[in-house]
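Fold and geometry: a report
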Amino acid sequence: MAGSGGVGARGAPVGKEKTSQRQWRQAAGPGVARGTRPAKSALYDAAGSRRPIIPASTFSPFPVRYTVLALCAAGVAAGLGGLALAPPAFAGPGWIALAAVSGALTILGLRDLRQSRHAILRNYPVVGHLRFLLEYVRPELRQYFIESDREAAPFSRAQRSLVYQRAKGEPDNRPFGTQLDVGETGYEWINHSMQPSRLDGHDFRIVIGGVPAPGAAPGTGCTQPYSASVFNISAMSFGSLSANAVLALNKGAKLGGFAHDTGEGSISRHHRVHGGDLIWEIGSGYFGCREADGRFSESRFEENARDPQVKMIEIKLSQGAKPGHGGVLPGPKVTAEIAEARGVPEGVDCISPSGHGAFSTPVEMMHFIERLRRLSGGKPTGFKFCLGHPWEWFALVKAMQATGITPDFIVVDGAEGGTGAAPVEFIDHVGVPMQEGLLLVHNTLVGTNLRHRIAIGCAGKVITAFDLARVMALGADWCNAGRGFMLALGCIQAQTCHTGFCPTGVTTQDPVRQRALVVPDKAERVRNFHRSTLHALQELVQAAGLAHPRQITAHHIVRRISATEVRLLSNLVMQVAPGALLGPLDDQHTVFRNYWPLASAHSFQAVDPAAYAAAPVTETETAP
Ligand SMILES: Cc1cc2nc3c(=O)[nH]c(=O)nc-3n(C[C@H](O)[C@H](O)[C@H](O)COP(=O)(O)O)c2cc1C
């Protein structure tokens, strides 16, 4: 009741006003929606006493929420009055300032009342802007004051700090002991040896390509195998990254002797300045190797692929953050440099279709791989993907079996991976996480006796040496990091990559913002991050008594599964025996029993198993 509070509209605090509105709705009955003004008859109590049950404040011509606007107007009056009336001793710029600031805020408040876009500003002129301001600075407030060290979003403060320290070459040791809860389910560790090994260095390398296909003529296949570091820069295009970021990454790769994946935006002039090893990624837009109409161009591909700086060719099928989703770089963002790198017209929307046009069946894809390998002069050629339907992956393996053509490598990207921009549903709910994808890819290749011909890389939040060791234990030969290297460049995880307003110049095309990223300094940081991470990996490998991280297996990693139980990862994850998928599948994991029969080398669609068995390999599909 209005009287019960004893406070009229003008003096009522906001909370009071809220209460009054609730009373009003209750009195008006359930049919009256929030904010709806009830019929006048509903405003008096049932007894018809004409005693108002709705507070007077509800109908006040001047609700309390306009107080700030009123104060601003009063400020104008006071300022002007002061200027006109104050004795000379009290006259001064203060009155002018008061009138000017109050005047500006009053104009803002009147504008708020008139505009129709933001209801909050219509109801709360001037003061309503605080909400937008606080929303705007919320991520920073959260990051600096609220977020805990281990809260991942997507990288925790602890992870980011480690990268920064390693990138700056600062000591990364920690005092006192672990901050992790070793009794928590999911806690993992690597078992050490009583006889640690001693290694000379940490330049761990693996050879990709060069394993001849059975019966292949000499000089065919991959004739230029690549000796790759076990830790490389993941695919990120010039366009999603700034020119200075690309320059610093590539220089860092050159200094540290590791590889830099171009991303699907192809090879820009910035990739070529410092000469760091490149993995050239070919996406569905065939950037850097396309005809004007977007079809794959052999001659343009050959020209770029034969560049000695290009060490490997990677066909991008999908990326973990947005598998099955194409992309559009809007025309205004297609600058002259981006257009030059991609081979597209400047200022025109640049489209990456969601699928490839150069092949439409798994067998055709194997022939495309063989074609690229030949055109590149025998460089390792493989593909990157995020696992989706298991039968599609099995279809690729069946195509390898049917054609005898195998990629030299496969990069498995996880759903946890990053992107410059993607729809939130794709970021959050499309694609298989890296661990599950990696396990299926590795085990399928082991089970079909193809594993020794195909190196496996993977990407998905690999930041520390333990992350590296763990995924190598699950079957990877090497790892790529995207955002880890962005952090090394100085990225502060502001998550504004898609806006062009990156505060550290990593993901903007704005030439002024990019100047914040000083290439020689950041190139050193990229090299340092790589070097320190591999040094830490060396120490882990030594502690486990091994000679190379490739020797780390699922038998070395232990996971807590309850307060009282732990298991070796080898007892928890799928482990297919060599050749086991070549015979009956009855004893195999259900993923093989259910989906392997549905896969066909001739189609990405799931097929009727009986129809598949009868289908011959057609001529168009086998032609090289
Ligand atoms: C800004 C940005 C741009 C990316 N661009 C590409 C791309 O062009 N091609 C691609 O295959 N993946 C791209 N990715 C995905 C990364 O290569 C990587 O697979 C993924 O982020 C997982 O690695 P991470 O967790 O170490 O970042 C991009 C990621 C980011 C953050």
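That block above? That's the structure.
Residues numbered from 1 in each chain as written. Predicted model: local features only at pLDDT ≥ 70, side-chain atom pairs only at ≥ 80, totals over all residues. Heavy atoms only, no water.

Strand order in the open sheet formed by three strands is 1-14-15, with antiparallel pairing between adjacent strands. Two strands lie at the open edges of the sheet, namely strand 1 (188-190) and strand 15 (566-568), each paired on one side alone. Pairs of neighbouring strands in the sheet enclose a mean axial angle of 25°, with direction left out of account. Pairing geometry for strand 14 (residues 557-560) and strand 15, over three bridges, is antiparallel. Following the sheet pairing, Val558 is matched in strand 15 by Leu568. (Pairing = 2+ DSSP bridges. Helix = DSSP H or I, 4+ residues; strand = E, 2+ residues; numbered from the N terminus. Axes fitted to C-alpha atoms, helices over the stretch in contact; angles between N-to-C directions.)

The next subject is the packing of aromatic side chains. According to the stated counting rule, one finds 17 aromatic pairs in the structure shown. Their ring planes at 80° and their centres at 5.1 Å tell us that Phe296 and Phe368 sit as a pair that is edge-to-face. In this pair, Phe296 sits in the loop between strand 6 (278-282) and helix 10 (298-305) while Phe368 sits in helix 12 (residues 362-375), placing the two residues 72 residues apart along the sequence. Phe368 carries the same exposure label as Phe296, and that label is buried. In this structure an aromatic cluster arises from ring pairing among Trp280, Tyr286, Phe296, Phe301, Phe359 and Phe368. (Phe/Tyr/Trp six-rings, centres within 6.5 Å; stacked < 30°, edge-to-face > 60°. Buried < 20%, exposed > 50% of the residue type's maximum accessible area, 1.4 Å probe, protein only.)

Attention now moves to the nonpolar core. In this structure, Phe301, Phe383, Trp393, Met400, Ile410 and Leu445 are the most contacted members of the largest nonpolar core, which totals 127 residues. With eight residues, helix 13 (residues 390-403) is the single largest residue contributor to this core. Ignoring sequence-local partners within four residues, the contact set of Leu445 consists of Trp393, Val397, Met400, Ile410, Leu450, Arg451, Ile454 and Ile456. (Core = buried A, V, L, I, M, F, W, Y, C linked by side-chain atoms within 4.5 Å. Contact = heavy atoms within 4.5 Å.)

Let's shift gears to helix 3 (residues 67-85). The periodicity of an α-helix, 3.6 residues per turn, causes residues three or four positions apart to be oriented the same way. For helix 3, which comprises 19 residues, the first-to-last C-alpha distance of 26 Å matches the rise-based estimate of 27 Å (1.5 Å per residue) to within 8%. By the burial criterion, the buried members of helix 3 are Leu69, Cys72, Gly75, Gly79 and Gly82. Down the axis of helix 3, the buried set is contained in an arc of 150°. They therefore lie on one face. Turned more than 90 degrees from where helix 3 packs its buried face, Ala77, Ala84 and Leu85 sit exposed. Buried residues along helix 3 sit in contact with helix 4 (93-114). (Expected span 1.5 Å × (residues − 1). Arc of directions from axis to C-beta.)

Moving on, we get to the site of the ligand. As a matter of local geometry, the ligand sits amid 23 residues, with Ala235, Glu281, Gly418, Lys461 and Arg483 nearest to it. Glu264 is positioned such that a nitrogen or oxygen atom in its backbone is 3.1 Å from an oxygen atom of the ligand. Calculation on the ligand without its partners gives an accessible area of 610 Å², and the protein chains cover 98% of this total. Counted by class, the shell around the ligand contains five nonpolar, eleven polar and seven charged residues. (Near = heavy atom within 4 Å. Polar contact = N/O pair within 3.5 Å; in protein donor to acceptor, adjacent residues only side chain to side chain. Areas by Shrake-Rupley, 256 points an atom, 1.4 Å probe, with all protein chains shown as cover. Nonpolar A, V, L, I, M, F, W, Y, C, P; charged D, E, K, R; others polar.)

Another aspect to go through is unusual backbone geometry. A positive phi angle, close to 60°, is found at Gln493, a residue other than glycine. Topologically, Gln493 is positioned in the loop between helix 17 (483-488) and helix 18 (511-514). Non-glycine residue Gln495 carries a positive phi angle of around 60°. Considering the arrangement of structural elements, one finds Gln495 in the loop between helix 17 and helix 18.

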